[in-house]
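Descriptive structure summary
As a plain string of letters, each chain reads:
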Amino acid sequence: MPVVLVVDDEPLQRDILKTILQDEGFETHVAASGEEAVTIAREFRPDVILSDLKMEGMDGIELIERVSELKSSATEFFDPTIIIMTAHGTISSAVEAMRRGAFDYLTKPLNKDSLILTVRRGTERTDLLRENLQLHRELYDRFRMEGIVGKSPKMQEAIEIMRKVSGSPATVLILGESGTGKELVARAIHYNSPRRSKAFTALNCASIPENLFESELFGYEPGAFTGASTRRIGLFEATNGGTLFLDEIGDMPPLMQSKLLRVIQDREIRRLGGKDAIKVDVRIISATNKDLEKELAKGNFREDLYYRLRVVSIDLPPLRDRKNDVPELVAFFINKYNAEFGKRLKSAEPAAVKALSEYTWPGNIRQLESVIERAVIMSDGDSVRLKDIKGELRTFQSPDCFDFDLPEEGLNFEELEEKLLRKAMTKANGVVAKAAKLLGMSYKTFWYRWEKLTPNSPPGKKDAPPE
Ligand SMILES: Nc1ncnc2c1ncn2[C@@H]1O[C@H](COP(=O)(O)OP(=O)(O)OP(=O)(O)O)[C@@H](O)[C@H]1O
Ligand SMILES: [Mg+2]
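Residues numbered from 1 in each chain as written. Chains lettered and ligands numbered in written order. Predicted model: local features only at pLDDT ≥ 70, side-chain atom pairs only at ≥ 80, totals over all residues. Heavy atoms only, no water.

1. Points about the nonpolar core
Core analysis: the biggest nonpolar cluster contains 29 residues, and L217, F236, L246, I249, M252 and L260 have the highest contact counts within it. Listed by contribution, the elements that provide at least two residues to this core are strand 6 (172-175), helix 8 (210-218), helix 9 (235-238), strand 10 (243-247), helix 10 (254-266), helix 11 (292-297) and helix 12 (303-309). Ignoring any residue separated from it by four or fewer positions in sequence, one finds L246 in contact with L203, C205, L217, M252, L260, I284, I285, S286 and A287. Within the second largest apolar cluster, 26 residues are counted, among which are F333, L345, L368 and I389. (Core = buried A, V, L, I, M, F, W, Y, C linked by side-chain atoms within 4.5 Å. Buried < 20%, exposed > 50% of the residue type's maximum accessible area, 1.4 Å probe, protein only. Helix = DSSP H or I, 4+ residues; strand = E, 2+ residues; numbered from the N terminus. Contact = heavy atoms within 4.5 Å.)

Take a look at the structure:
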């Protein structure tokens, strides 16, 4: 039932209005002054406020202001439609009221029919706004999380944590191999958070020289060091109110680690060469593909900072552990690159999907994405075919020095990979680092795959991994 609040300092007028509106099926409350109206509005959240313009104390115009304050501080939907009642001859103040946000005005003496009609239109407007907001919210959520494909339980778990953590300012640490979607997740958290309209900035800690770190993050004042001729604002200040994404946090030099810890604790920064502390409100999301616990043990990463950064942590699974997601990802990227290149591919043929699902994806989703991107460019049919992608998968696993002919049918990538690993090991005389290099793999990846695919073969020479 629509809720109406009648505000009038004349008792008789209030009673008449209340009777008429109740008869029409509105839940009707009354207030004898602007002040009382604010209290009742807060409690009953009316759809329509029907208020006299001229009243002792708070008048109709002031009430509009107060209601709009209530509106902006409300946590749930609250957007009452305000209708002003005014005596003959004060039309100009009625117009002023509309300029301030009233929806319509009625002149006294009131006409019953137009009263009912106007109030009804007012409640319809509020309904519409309410529906709109609902729709908008749903769309927004869907749009923002929609870019993240993954029905597998591990991905669903990650998405669930993202949803929960989006609304809070807690720091988030995202862990996952290269190409698993760490940056995508960081952005999704930001765009689903109340900070969405503020800045999202990213800094890759691995690619910035140590001596530039501080000025990059905190900025500097003129004369702070040779060459600093003007003031520069650092990332923390530029991101105020927003989210700062610190990528490859495992590569942050120790000195910077302690400075970052200070900022997190004190919520303020100092520009280089600057005297004053500047308050900053920045949410930090960091990511790494390193095993941070190991780095802690080795003394390369500060434990106190680690716990500050990982109030919440999200583990992104490697693609090979969620192969069920491959078909959906393939479809997603076909769509994406169709749009980009003006193509109209419908799907990938089953044999292609099968091959893609069986592949081990050392470069994870980024690698899958680029395989599909190229296939979409190359395809002249209406689907991605096995022959469009076979070469990609092959070149990735089999550098020039290894020549394999892939059978058209019954491709089994694990078998193929095992063959390759063994061949590389033989060539490298069992030296893992060498074999890995031959295949263009990292030591870690090679070793992981070797142990997994050849569990019974004699171990290779487990030389010290190159750090
Ligand atoms: N679940 C997913 N659904 C759709 N696209 C994804 C998903 N995960 C990653 N991607 C896409 O894969 C690419 C790589 O993702 P992203 O850059 O976020 O990975 P990353 O973990 O930050 O990698 P790196 O450690 O190498 O920086 C991006 O184009 C991203 O949009
Ligand atoms: Mg990244």
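2. What to know about the site of ligand 1
Near ligand 1 lie 17 residues; those nearest to it are S178, G179, K182, R366 and E369. V149 is positioned such that a nitrogen or oxygen atom in its backbone is 2.9 Å from a nitrogen atom of ligand 1. Measuring from an oxygen atom of ligand 1, one finds a side-chain N or O atom of R366 at 2.7 Å. Coverage of ligand 1 by the protein chains reaches 86% of its 640 Å² of free accessible surface. At the level of elements, helix 7 (182-191), helix 13 (326-341) and helix 15 (364-378) are the ones that each hand at least two residues to the shell around ligand 1. Its residues assigned to classes, the shell around ligand 1 comprises seven nonpolar, five polar and five charged. For the shell around ligand 1, the two domains that each supply at least three residues are domain 2 (148-317) and domain 3 (319-397). (Near = heavy atom within 4 Å. Polar contact = N/O pair within 3.5 Å; in protein donor to acceptor, adjacent residues only side chain to side chain. Areas by Shrake-Rupley, 256 points an atom, 1.4 Å probe, with all protein chains shown as cover. Nonpolar A, V, L, I, M, F, W, Y, C, P; charged D, E, K, R; others polar. Domains from an automatic or database assignment.)

3. Section: unusual backbone geometry
Residue P109 follows K108 across a cis peptide bond; omega there is 0°. Here P109 is to be found in the loop between strand 5 (104-108) and helix 5 (112-146). A positive phi angle, near 45°, is found at R45, a position not held by glycine. Mapped onto the elements of the fold, R45 is located in the loop between helix 2 (34-44) and strand 3 (48-52). Owing to a relative accessible area of 34%, R45 belongs among the partly exposed residues under this scheme. Here the phi dihedral of N429 falls at roughly 50°; this positive angle occurs in a residue that is not glycine.

4. A closer look at the domain arrangement of the protein
When the domains of the protein are assigned, the result is domain 1 (3-137), domain 2 (148-317), domain 3 (319-397) and domain 4 (414-467). Here domain 1 and domain 4 have C-alpha centroids that lie 76 Å from each other.

5. Description of the pairing of strand 4 (residues 81-87)
Among the seven residues that make up strand 4, six are buried, leaving the element largely enclosed by the rest of the structure. Strand direction decides the pairing type here: strand 3 and strand 4, joined by five bridges, are parallel. Paired with L50 across the bridge in strand 4 is I83. Since strand 3 and strand 4 lie parallel, the crossover through helix 3 (residues 60-73) that links them has a hand, and here it is right-handed. As paired strands, strand 4 and strand 5 are joined by five bridges and run parallel to one another. (Pairing = 2+ DSSP bridges. Right-handed = clockwise from strand over helix to strand, strands pointing away.)

6. Quick look at the packing of aromatic side chains
According to the stated counting rule, one finds eight aromatic pairs in the structure shown. For the pair Y337 and F341, a centre-to-centre distance of 5.8 Å together with 20° between the ring planes defines the contact as stacked. Pair noted here: Y337 and F341 are both in helix 13, with a separation of four residues, about one helical turn. (Phe/Tyr/Trp six-rings, centres within 6.5 Å; stacked < 30°, edge-to-face > 60°.)

7. Thoughts on the sheet that holds strand 10
Strand order in this open sheet of five strands is 7-10-13-6-14, and the pairing throughout is parallel. At either end of the open sheet lies a strand with only one pairing partner, and these are strand 7 (200-204) and strand 14 (312-315). With direction set aside, neighbouring strand axes in the sheet form an average angle of 20°. Pairing geometry for strand 6 and strand 14, over four bridges, is parallel. Its bridge partner being in strand 14, L173 is matched across the sheet by S313. Set on the sheet, helix 6 (residues 153-166) makes contact with strand 6, strand 13 (283-288) and strand 14; between it and strand 14 the angle comes to about 155°. (Axes fitted to C-alpha atoms, helices over the stretch in contact; angles between N-to-C directions.)

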